[in-house]
Amino acid sequence: MKKIITISREYGSGGRDIAKMTAEKLGYTFYDQAIINTVSEATGLNPDYIKKFGENTRRSHIFNYGYNGYMGIGFTGFSLPDYLWQKQRELILYIAGIGNCVIVGRCADYILRERDDCLNVFIHADMESRKKRAIEVYGDPNKNIEKVLKDKDKTRKTNYRYYTDQIWGDASNYHLTLDSSEFGIEKCADFITYLAKQ
């Protein structure tokens, strides 16, 4: 039985909904917005900032990442993104230690990589399905939605690479990858639930 499930996802793939449904099916605690709220309370950072940059960088090129919102935090010399990463990491390690849970994004798969009770999942989908979901479910009004999707994924990929030195979305970093446009949201949740129970 896997006690912890991490769900990484392409933007528009429905990964968050799959994670929430999986948590409901297993009776696990679901962590997404709760991480944002808790980190905000602990750091004083605006929740909107954490939501936007907790797993995304402002820049799409890794060589520019070190200049992403730099500010010294006390005597630590941390940049603001590094400070946010550290606080999120501490919280994810704490969450993993207190009970069964499903965690969305935030490099949780990497942070918890040494645990053998963790199932790491990556959700992807074809571009047409993602565009449709972004418009119909997320309500994204952008006319150039395909560029928005690609840019969002690029910033997640850069953030992941910077903090893990691994490739976001590479199947070798996960126990399972699922195409939600092929199987649908509920069937993906069913697959994950089944595997978590083994």
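Our subject is the structure listed above.
So, a few notes on the structure that sits alongside this text. (Residues numbered from 1 in each chain as written. Predicted model: local features only at pLDDT ≥ 70, side-chain atom pairs only at ≥ 80, totals over all residues. Heavy atoms only, no water.)

Secondary-structure assignment places lysine 152 in helix α7 (residues 145-164). Since its relative accessible area comes to 27%, lysine 152 is described here as partly exposed. Sequence-wise, lysine 152 and glutamate 10 are 142 residues apart; in three dimensions their C-alpha atoms are separated by 8.3 Å. Leaving out residues up to four positions away in the same chain, lysine 152 has contacts with Tyr11 and Asn56. (Helix = DSSP H or I, 4+ residues; strand = E, 2+ residues; numbered from the N terminus. Buried < 20%, exposed > 50% of the residue type's maximum accessible area, 1.4 Å probe, protein only. Contact = heavy atoms within 4.5 Å.)

Let us now look at the layout of surface pockets. Computed from the structure, the largest pocket encloses a volume of approximately 440 Å³. Considering the residues around the largest pocket, the lining is formed by 19 residues, among which Arg9, Tyr11, Arg16, Lys51 and Arg156 are closest to the centre. Residue assignment for the lining of the largest pocket shows that the elements contributing at least two residues are α1 (15-26), α2 (33-43), α3 (47-53) and α7. (1 Å grid on protein atoms, 1.4 Å probe; cavity = no way out; pocket = protein on both sides within 12 Å on 5 of 7 lines; lining within 4 Å. Points joined across faces, edges and corners; volume = space filled by probe spheres on them.)

All right, on to the packing of aromatic side chains then. In total, this model carries five aromatic pairs according to the counting rule given. Seen in terms of ring centroids, phenylalanine 122 and tyrosine 174 are 5.2 Å apart; in terms of plane orientation they differ by 40 degrees. Their pairing is tilted. Of this pair, phenylalanine 122 sits in strand β4 (residues 118-124) while tyrosine 174 sits in the loop between α7 and β5 (176-179), and the two are 52 residues apart along the sequence. You can call phenylalanine 122 buried: its relative accessible area is 4%. Of the residues examined, tyrosine 174 reaches a relative accessible area of 7% and is grouped as buried. Centroid distance tyrosine 162 to tyrosine 163: 4.8 Å. Interplanar angle 90 degrees. Geometry classified as edge-to-face. According to the relative accessible area criterion, tyrosine 162 is partly exposed, its value standing at 33%. Cluster of aromatic residues (ring-pair linked, three or more members): Trp85, Tyr162 and Tyr163. The ring centre of tyrosine 110 lies 3.9 Å from the NZ or CZ of arginine 113, which sits over that ring. (Phe/Tyr/Trp six-rings, centres within 6.5 Å; stacked < 30°, edge-to-face > 60°. Lys NZ or Arg CZ within 6 Å of the ring centre and 35° of its normal.)

Taken by themselves, the reported measurements are silent on function.
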